[in-house]
Amino acid sequence: MTILIGGAWPYANGSLHLGHIAALLPGDILARYYRQKGERVLYVSGSDCNGTPISIRANQEKTTIKAIADRYHEEFEQVFNKLGFSYDLYTRTDVPHHHKSVQKIFLTLLENGYLYKKKIEQAYCEQDQQFLPDRFVEGICPNCGVKARGDQCDNCSKILDPLDLIDKHCKICGTKPVIKETEHFYFSFSAFQNKLEAYTEKAERENLWRKNALSLTKRYLAEGLPDRAVTRDLPNGVDVPVEGFEGKKIYVWIEAVSGYLTASIEWARQNQENIEEWWNETTISYYIHGKDNIPFHTVIWPAILLGINLQNLPTHIISNEYLTLEKRKLSTSQNWAVWLPEILQKYDPDSIRYFLSVNAPENRDTDFSWREFIYSHNSELLGAFGNFVNRTLKFIEKSFEGEIPHTKIDVDIYDKTKDLYDEVGALIEGGHFKQALEKVFHYVRIANRYFDERKPWIQVKEEVEECKETLSACVFIIQNLAQVLQPFLPFASTKIKTMLDIQNNEWTIQKDLPRAIINDIKPLYERLDLELIEIELEKLLAKSSIK
């Protein structure tokens, strides 16, 4: 089986915060899980280094677009590495291979008759002497009456045309733009209305997408798909490869979402693979992103794929709701956010992965609070999981000189463990990561209860053979936890495998106990001081403009 996993491409115009990771983490969980199953996995993403957000940041800092893109792309790579993200290729959109592949996609759409020229009116800033990209135009959404930018309203999720905004103004200088005529290429989205309706119906029938993706996509389709301009007068991006359109760029509608394919093509080139073996009708694909990106993945990208005669449309849409912070909406402009470079300096990456998985905004908005984060680390990761591993191995070290007893495993424990692989695997494949992790930690609590009820500290004095049975069962549980938790908590999984000298990485029950002598036992986690709750809250408030 071939599995393609595409993680949404973050804009390289500012640091990543917890909301970004909450949306993207499912991709790494899926990639790690399917690799354990022995499937062929391609997991790609990259930094979006083209377009408006970066040029806005460059204008603000009076520096170059490249300097901003380089700074944040490098930071993103560091953050993803520290969090254990296992991309096969993490690239960027301002590199030659991406530009070349996007231009080829554009020309294929043109050759297939899905692009046409049209003269349109566009917002132009006389003070800055430039046509304004959609995101450079701000105003009031005509649909819901809330402040919005020119491409999409974050409040009601409606895709907009900047000319539809009420009280328009230029984001750069704040002046009211004038309307000027310019010529652009339009993409015939309307030509794919029927195919996309059938595609969405199939996804609903087979329960392949999250509910938010289904409801939003059905709404767009019910309104009728309008043709959209897919070139722009932009300061940076992929050049339109057509004579007479010099200086114009291919817009994000085509350019950014094509990154999944362009990254795959580049990975295939680097690894001397045939791209057609990865992008075909039998490939199962997962697209990982936040709900604000739903139409790009369920309408725009499928239409492009159909337009270039690729039939492997997105299979699973993993579209998370929003993560709030201390009961308030995350706001980068007001610095109401927990930034990844900062939190990774002080806290275990497994703690972040655990909290954002077990509190994932899969079907509704969920909240990150410092209190819940600290308590979940201490009670679940340390108190339940880490404590079970540590006390079992320490007991073996102390009472059996580190030699793991090998006895027949309790039948009930064996059956529960075998069922765990099946149940957790099915939940992961269905995109239910929160339920999957909850099921694993229910198993952890059963393990702790087993240890307490068997009382090996008494058995070792009165019934040594029973004590050996207890410890064999506990090591059996631990070595299987190291496999089952590897997609969620890769760092703890690696520590356990190192202590027990386990070499394999498989999604199947581990029957044979390790033969290693345990002599270098280290705690999986350290306890977090509860005083950190107030310290982090005070720091958050002090840095934020929200009072």
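Since the model is a prediction, treat every value here as computed from it, not as a measurement.

(A) The overall build of the protein, seen in detail. The number of helices and strands found in the protein is 18 helices and 18 strands. For 547 residues, the compact-globule estimate of 2.2 N^0.38 gives 24 Å, and the protein sits close to it at 26 Å. Principal-axis analysis of the C-alpha atoms places the extent of the protein at approximately 90 × 55 × 40 Å. Each of the 547 residues in the protein was classed as buried or not, and the buried ones make up 58%. For the protein, contacts bridging at least 24 residues in sequence account for 76% of all contacts bridging at least 6. Only carbon and sulfur atoms are counted for the fraction: they give 46% of the accessible area of the protein, which is about 23600 Å². Treating the 66 positive side-chain charges of the protein as one cloud and the 78 negative ones as another, the clouds have centres 2 Å apart.

(B) Geometry of the side chain of threonine 2. Take threonine 2: it is sitting in strand S1 (residues 2-7). With near-sequence residues (within four places) excluded, threonine 2 lies in contact with Arg40, Glu277, Trp278, Thr283 and Ile284.

(C) Focus on the packing of aromatic side chains. Under the counting rule described, the total for this entry stands at 36 aromatic pairs. A ring pair is formed by tryptophan 253 and phenylalanine 296, whose centres lie 5.7 Å apart and whose planes are at 40 degrees; its orientation type is tilted. Taken together, the positions of tryptophan 253 in helix H7 (residues 252-255) and phenylalanine 296 in helix H9 (residues 294-307) put the pair 43 residues apart, joining distant regions of the chain. Look at phenylalanine 296 and you get buried, because its relative accessible area is 12%.

(D) Quick peek at the sheet that holds strand S6 (residues 137-140). The strand order across the open sheet built from three strands is S7-S6-S8, with neighbouring strands paired in antiparallel fashion. Only two strands of the sheet have a single partner each, and these edge strands are strand S7 (147-149) and strand S8 (166-170). Ignoring strand direction, the axes of neighbouring strands in this sheet form an average angle of 25 degrees. Relative to S8, S6 runs antiparallel, the two sharing three bridges. Looking at the pairing, isoleucine 140 lines up with isoleucine 166 of S8.

(E) Representation of helix H2 (residues 52-61). Every buried residue of H2 is accounted for by Thr52, Pro53, Ile54, Ser55, Ile56 and Ala58. Elements in contact with the buried residues of H2: helix H3 (65-82). Once H2 finishes, lysine 62 follows within two positions and takes phi at roughly 55 degrees, a positive value.

(F) Representation of the pairing of strand S2 (residues 40-47) within the structure. For S2, the buried fraction is high: seven of the eight residues fall into the buried class. Of the strand pairs in this sheet, S1 and S2 are connected by five bridges, and their pairing is parallel. What sits directly across from isoleucine 5, in S2, is tyrosine 43. With helix H1 (residues 18-36) bridging S1 and its parallel neighbour S2, the resulting β-α-β unit is right-handed. With four bridges connecting them, S2 and strand S3 (residues 89-92) associate as parallel partners. Bridging from a neighbouring strand, glycine 46 pairs with threonine 91 of S3.

(G) Representation of the environment of alanine 516 within the structure. Mapped onto the elements of the fold, alanine 516 is located in the loop between helix H17 (490-500) and helix H18 (531-543). Residues alanine 516 and serine 47, 469 residues apart in the sequence, show an inter-C-alpha distance of 43 Å. Apart from the residues lying within four places of it in its own chain, the contact partners of alanine 516 are Gly402, Ile404, Leu500 and Asp501.

(H) Broad picture of unusual backbone geometry. Notably, lysine 62 is not glycine yet its phi reads approximately 55 degrees, a positive angle. Looking at the element boundaries, lysine 62 is found in the loop between H2 and H3. Residues other than glycine seldom take positive phi values, yet serine 157 does so here, at roughly 70 degrees. Considering the arrangement of structural elements, one finds serine 157 in the loop between S7 and S8. Among the residues examined, serine 157 registers a relative accessible area of 11% and is labelled buried.

(I) Focus on the packing of helix H4 (residues 96-111) against helix H8 (residues 259-270). Put simply, H4 and H8 touch, their axes get as near as 9 Å, and they point 120 degrees apart. On the basis of their axis angle, the class for H4 and H8 is oblique. Taken as a pair, H4 and H8 cross one another with a handedness that is right-handed. Counting all contacts with H4, which are made through His97, His98, Ser101, Val102 and Ile105, the residues of H8 involved are Gly259, Leu261, Thr262, Ala263, Ile265 and Glu266. Of the residues that constitute the contact of H4 with H8, the class distribution is five nonpolar, five polar and one charged.

(J) Broad picture of the sheet that holds strand S14 (residues 284-290). With parallel pairing, five strands are arranged side by side in an open sheet as S3-S2-S1-S14-S15. Both outer strands of the open sheet, S3 and strand S15 (316-320), are each paired with one neighbouring strand and no more. Averaged over all adjacent pairs, the angle separating strand axes in this sheet is 20 degrees, with direction ignored. Sheet topology places S14 next to S15; five bridges connect them, and they run parallel. Paired with isoleucine 288 across the bridge in S15 is isoleucine 318. Contacts from H3 reach S2 and S3, with the element oriented near 165 degrees to S3.

(K) Here's a closer look at the nonpolar core. Membership of the largest hydrophobic core comes to 170 residues, with the highest contact counts inside it found for Phe385, Ile428, Phe488 and Leu489. With 13 residues, the single largest contributor to this core is helix H12 (residues 370-400). With near-sequence residues (within four places) excluded, phenylalanine 488 lies in contact with Ile29, Asp350, Arg353, Ser357, Val424, Ile428, Phe433, Ala436 and Leu437. Residues Cys125, Leu160, Leu165 and Cys170 belong to the second largest nonpolar core, which totals 13 residues.

(L) Geometry of the pattern of salt bridges. All told, the structure shown has 34 salt bridges when counted by the stated rule. Lysine 291 is the salt-bridge partner of glutamate 321, the closest N and O atoms lying 2.7 Å from each other. Of this pair, glutamate 321 sits in the loop between S15 and strand S16 (323-325) while lysine 291 is found in the loop between S14 and H9, placing the two residues 30 residues apart along the sequence. Here glutamate 321 matches lysine 291 in class, with each residue buried. One connected set of salt bridges, linked through shared partners, spans Lys66, Asp70, Arg92 and Asp94.

Rules and cut-offs
Residues numbered from 1 in each chain as written. Predicted model: local features only at pLDDT ≥ 70, side-chain atom pairs only at ≥ 80, totals over all residues. Heavy atoms only, no water. Helix = DSSP H or I, 4+ residues; strand = E, 2+ residues; numbered from the N terminus. Rg over C-alpha atoms; globule rule 2.2 N^0.38 Å. Buried < 20%, exposed > 50% of the residue type's maximum accessible area, 1.4 Å probe, protein only. Contact = heavy atoms within 4.5 Å. Areas by Shrake-Rupley, 256 points an atom, 1.4 Å probe, with all protein chains shown as cover. Lys, Arg positive; Asp, Glu negative; His and termini not counted. Charge placed at Lys NZ, Arg CZ, Asp CG, Glu CD. Phe/Tyr/Trp six-rings, centres within 6.5 Å; stacked < 30°, edge-to-face > 60°. Pairing = 2+ DSSP bridges. Axes fitted to C-alpha atoms, helices over the stretch in contact; angles between N-to-C directions. Right-handed = clockwise from strand over helix to strand, strands pointing away. Parallel < 35°, antiparallel > 145°, perpendicular 65-115°, else oblique. Left-handed = near helix turned anticlockwise from the far one by under 90°. Nonpolar A, V, L, I, M, F, W, Y, C, P; charged D, E, K, R; others polar. Core = buried A, V, L, I, M, F, W, Y, C linked by side-chain atoms within 4.5 Å. Salt bridge = Lys/Arg side-chain N within 4 Å of Asp/Glu carboxyl O.

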